[in-house]
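Here is what each chain is made of, one letter per residue.
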Amino acid sequence: MQMEKRQLTESRDMKGQAAKGSDTKQLADRYFEIFQEYLREREESSLSNGYEFARRAMVDGCSVLEIAEIHHEALRRVLGGPGSAQTTLARAVDLFAACLSPFEMSHRGAQEGTRALRRLNEILEGELKRIAHALHDEAGQLLASVHIAVAEVAGGLPLESRARFEEVERLLKQIEMELRGLSHELRPTVLDNLGLVPALKMLAERVAKRSGLAVAVSGNMHARLPPAVETALYRIVQEALNNAVKHAHAKSVTIDLQHTPLKVACVVRDDGIGFAKRRPRGDEGLGLIGIRERLNALGGLLRVVSKPQHGTTLLVDIPLGE
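Residues numbered from 1 in each chain as written. Predicted model: local features only at pLDDT ≥ 70, side-chain atom pairs only at ≥ 80, totals over all residues. Heavy atoms only, no water.

Re the packing of aromatic side chains
Here the distance between the centres and the angle between the planes together describe a pair of aromatic rings.
Phase 1: Under the criterion given, the structure shown has two aromatic pairs.
Phase 2: Each ring, one from Y31 and one from F35, has its centre 6.2 Å from the other, and the planes form 45°; the classification is tilted. Here the residue Y31 and the residue F35 both occupy positions in helix α1 (residues 2-41), the gap between them amounting to four residues, near one helical turn.
Phase 3: The class of Y31 is buried, set by a relative accessible area of 1%.
Phase 4: Judged by centre distance (5.7 Å) and plane angle (40°), the ring pair of Y31 and F53 falls under tilted. Here F53 lies in helix α2 (residues 44-59) and Y31 lies in helix α1, a separation of 22 residues in the sequence. Taken as a pair, Y31 and F53 share a single burial class, namely buried.
Phase 5: Ring pairing ties together the aromatic residues Y31, F35 and F53, which thus form one cluster.
Phase 6: Over the ring of F32 we find R77, and its NZ or CZ is 3.8 Å from the ring centre. (Phe/Tyr/Trp six-rings, centres within 6.5 Å; stacked < 30°, edge-to-face > 60°. Helix = DSSP H or I, 4+ residues; strand = E, 2+ residues; numbered from the N terminus. Buried < 20%, exposed > 50% of the residue type's maximum accessible area, 1.4 Å probe, protein only. Lys NZ or Arg CZ within 6 Å of the ring centre and 35° of its normal.)

What follows is the structure in structure tokens.
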């Protein structure tokens, strides 16, 4: 039975490779026709045909390397016949440049989108920082004023009436603690002042206290990272811990950071319920989507490894440039 399945899989793979080879040959023949046309006439319409050919090939999933291979094959076929090699090479450069234009435009569009996404993240983080400071400072000052007012009113009352104000005082202190915790979650000041590892350790302590989850933070971070990278890693770990508590029902999580001159790597591993297989991108939760968007803005990568009853591991790599 297993042999039959393997043979069926191999047959499908061979058919897929044959179909792809047929498609590549059709592309190569079409490119060769356009190339010959441009060599004969050297018209702008031939360059336009080359541009349209490459645009459609890109939409169909053709890569730049495949286009280069097709161009090389056409050039070999042309130079194998009679004619001036120098003229042929000069015209080949023009046509190849026209064919690569759609890929270049797509690449530039992706770069612009990445810059816009990174700028948007910076704006959002700045707004979160402003709100966090307002909660911590302004709301804290207002609560302090309320504490003083309540104490003054309670001081003029008989002892038997002060118990009700003590309950109000207790509720005010609870609100103050909640606001302080919310402020730190929105934008921990320790992240700005001391760096990523102290901020993650403080986050781990708060999560452990709130949920009972055992969280361990380790790594070789001996230097500060760019602010955008530190913020992204903090948010990624924050989301991973939320997932471990809410969805994975984990009991423990380990967070490991490794810093090299070329990149920073972060591994978040939990012992939760995991899941059976890798889900399609469209089925991912908002948390994973947000993580991928943050990493895309920094040129980073995310891998998710999970098995049922064997937990989930998030592996994050972010390159560090000059």
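Back to the text.
A short note on the pattern of salt bridges
Phase 1: In total, this model carries seven salt bridges according to the counting rule given.
Phase 2: One salt bridge connects E230 with R224, and the closest N-O pair in it is separated by 2.8 Å.
Phase 3: Residue class for E230 comes out buried when judged on its relative accessible area of 4%.
Phase 4: Given a relative accessible area of 43%, R224 falls into the partly exposed group.
Phase 5: Each of the salt bridges in this network shares a partner with another, and the network as a whole consists of K25, D29 and R77. (Salt bridge = Lys/Arg side-chain N within 4 Å of Asp/Glu carboxyl O.)

Re the sheet that holds strand β3 (residues 263-270)
Note on sheets: strands pair through backbone hydrogen bonds, and any given pair is parallel or antiparallel.
Phase 1: What the five strands build is an open sheet, ordered β1-β2-β3-β5-β4; its pairing is mixed. A strand with exactly one partner marks an edge of an open sheet, and here the two such strands are β1 (214-219) and β4 (301-306). Each neighbouring strand pair of the sheet contributes to a mean axis angle of 10°, computed without reference to strand direction.
Phase 2: When β3 meets strand β5 (residues 312-319), the two strands line up antiparallel, connected through eight bridges. Each residue of the ladder has a partner; that of V264, found in β5, is I318.
Phase 3: Across the sheet, helix α8 (residues 227-246) touches β1, β2 (252-259), β3 and β5, and the angle it forms with β3 is around 10°. (Pairing = 2+ DSSP bridges. Axes fitted to C-alpha atoms, helices over the stretch in contact; angles between N-to-C directions. Contact = heavy atoms within 4.5 Å.)

As for the side chain of H71
Phase 1: Here H71 is to be found in helix α3 (residues 64-79).
Phase 2: Looking at H71, the relative accessible area reads 10%, which means it is buried.
Phase 3: A distance of 2.5 Å separates the side chain of H71 from the side chain of Y31, its partner in a polar contact.
Phase 4: With residues up to four places along the chain from it excluded, the contact list for H71 reads Y31, A92 and F96. (Polar contact = N/O pair within 3.5 Å; in protein donor to acceptor, adjacent residues only side chain to side chain.)

A look at the packing of helix α7 (residues 196-211) against α8
To characterise two packed helices, one gives the angle between the axes of the helices and the distance between these axes.
Phase 1: At a closest axis distance of 11 Å, the pairing of α7 and α8 adopts a crossing angle of 15°. In terms of orientation, α7 and α8 fall into the roughly parallel class. Two packed elements cross with a definite hand, and for α7 against α8 that hand is right-handed. In this structure, α7 contributes L196, A199, L200, L203, R206, V207, R210 and S211 to the contact, and α8 contributes E230, L233, Y234, V237, Q238, L241, N242 and V245. (Parallel < 35°, antiparallel > 145°, perpendicular 65-115°, else oblique. Left-handed = near helix turned anticlockwise from the far one by under 90°.)

Here's the deal with the environment of F32
Phase 1: By secondary structure assignment, the location of F32 is in helix α1.
Phase 2: Put simply, F32 and V78 are 46 residues apart on the chain and 8.5 Å apart in space, counted from C-alpha to C-alpha.
Phase 3: Here F32 is in contact with A74, R77 and V78, once residues within four sequence places are set aside.

Quick look at the pairing of β3
Phase 1: Most of β3 is tucked away, with six of its eight residues classed as buried.
Phase 2: Here β2 pairs with β3 via seven bridges, running antiparallel. Paired with V253 across the strands is D270, a residue of β3.

What about the nonpolar core?
Phase 1: Formed by 39 residues in total, the largest nonpolar core has its most connected members in L196, L200, L233, L241 and I255.
Phase 2: Residue assignment for this core shows that the elements contributing at least two residues are α6 (189-193), α7, β1, α8, β2, β3, α9 (286-298) and β5.
Phase 3: Considering every element that reaches this core, the biggest residue donor is α8, with nine residues.
Phase 4: Among all residues touching L196, those that are not within four sequence positions of it are L191, M221, L225, E230, L233, Y234 and L257.
Phase 5: If you look at the next biggest cluster of nonpolar residues, it comprises 23 residues, including F35, A57, A92 and L95. (Core = buried A, V, L, I, M, F, W, Y, C linked by side-chain atoms within 4.5 Å.)

Any functional reading would require information beyond the geometric quantities listed.
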